[in-house]
Amino acid sequence: FIPHSKLGDENCRLNPVHITNGKDNPNKADFLFILSNSELPVKDICKFERTSILFSDKDLEFLASVRNLWMALKDFDVKKQYWLQENKGWKLKNF
């Protein structure tokens, strides 16, 4: 169990994990995990110390959204890396 809050809960700022589909960051998180199409502008995503985007290559709509996000990141001074699944495991790649 990981203590968490979700959009609309009281005292969200006290929890280490906040689950939302909005732009709020009540607990002043340093890490952002994107799990579905995000309305968050790239400039706001870049405010986080680290952002992870978790997706399946079977979700074509979300995959297109992720590709658009990656293309938008070229205009920002951020370190861009991704993990690629290969026959013998996973390999970290730089973008």
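Structure: above.
Here the structure is a predicted model, which is why all the values come from computation and not from measurement.

Criteria and thresholds
- Residues numbered from 1 in each chain as written.
- Predicted model: local features only at pLDDT ≥ 70, side-chain atom pairs only at ≥ 80, totals over all residues.
- Heavy atoms only, no water.
- Salt bridge = Lys/Arg side-chain N within 4 Å of Asp/Glu carboxyl O.
- Helix = DSSP H or I, 4+ residues; strand = E, 2+ residues; numbered from the N terminus.
- Buried < 20%, exposed > 50% of the residue type's maximum accessible area, 1.4 Å probe, protein only.
- Phe/Tyr/Trp six-rings, centres within 6.5 Å; stacked < 30°, edge-to-face > 60°.

Attention shifts here to the pattern of salt bridges. Per the counting criterion, the structure on display carries four salt bridges. Each of the salt bridges in this network shares a partner with another, and the network as a whole consists of Lys-43, Asp-44 and Lys-47.

Glycine aside, the phi torsion of most residues is negative, and most peptide linkages are trans. Phi is positive for Asn-11, which is not a glycine, with a value near 60 degrees. Within the fold, Asn-11 resides in the loop between β1 (4-6) and β2 (17-19). For Lys-28, which is not a glycine, the phi torsion comes out positive at approximately 55 degrees. Examined against the element boundaries, Lys-28 turns out to sit in the loop between β2 and β3 (31-34). For Lys-28, a relative accessible area of 66% corresponds to the exposed category.

What follows covers the packing of aromatic side chains. By the definition in use, this model includes two aromatic pairs. Ring plane angle 80 degrees and centroid distance 6.4 Å describe the contact between Phe-55 and Phe-62, whose orientation is recorded as edge-to-face. Residue class for Phe-62 comes out buried when judged on its relative accessible area of 4%. Seen in terms of ring centroids, Trp-70 and Tyr-82 are 5.9 Å apart; in terms of plane orientation they differ by 85 degrees. Their pairing is edge-to-face. Here Tyr-82 lies in strand β5 (residues 81-86) and Trp-70 lies in helix α2 (residues 60-72), a separation of 12 residues in the sequence.

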